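Structural description and commentary
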Amino acid sequence: GGFPIRVATATKPAILAPPKEVRVYNGRKHLLEDSIRGDFGLVKAWKADELGNLVFHATSNNFNKPLAGAARITIAEVE
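**A short note on the pattern of salt bridges**
Per the stated rule, a full pass over the model turns up four salt bridges. Linking glutamate 33 and lysine 20 is a salt bridge whose minimum nitrogen-to-oxygen distance equals 3.0 Å. Here glutamate 33, found in the loop between β4 (28-31) and β5 (40-45), pairs with lysine 20, found in the loop between β2 (13-16) and β3 (22-25); they are 13 residues apart in sequence, far enough to count as distant. Classification of lysine 20 by relative accessible area gives partly exposed; the value is 41%. One salt bridge connects glutamate 21 with arginine 23, and the closest N-O pair in it is separated by 2.8 Å. Relative accessible area serves as the criterion here: at 42%, glutamate 21 is assigned to the partly exposed category.

**Here's the deal with the confidence of the model for the chain**
Looking at the chain as a whole, its pLDDT mean stands at 88, while 99% of the residues score no less than 70. Within the chain, strand β1 (residues 4-7) has the poorest average pLDDT of any element, 79, and β3 the best, 95.

**Re the pairing of β1**
Alignment of β1 against β2, held across three bridges, turns out to be antiparallel. Each residue of the ladder has a partner; that of proline 4, found in β2, is leucine 16.

About the criteria used
Residues numbered from 1 in each chain as written. Predicted model: local features only at pLDDT ≥ 70, side-chain atom pairs only at ≥ 80, totals over all residues. Heavy atoms only, no water. Salt bridge = Lys/Arg side-chain N within 4 Å of Asp/Glu carboxyl O. Helix = DSSP H or I, 4+ residues; strand = E, 2+ residues; numbered from the N terminus. Buried < 20%, exposed > 50% of the residue type's maximum accessible area, 1.4 Å probe, protein only. pLDDT = per-residue confidence, 0-100. Pairing = 2+ DSSP bridges.

Structure below.
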């Protein structure tokens, strides 16, 4: 926190950002940020059923599952 959002003059900020939450894990400080949530997630699946359950094949498991869960709306291309 404390970063200038708006600057009044060359040396004086008009509005400062509110401070962010900092937590300590294993003796190290970590700054907590809000996550960015995507509106749409485009994934490619190996199989799907009528209920919308998707089966991913091989390395598509690594990224498509988290992407489908993080997006508000998921659009799937199925083989």
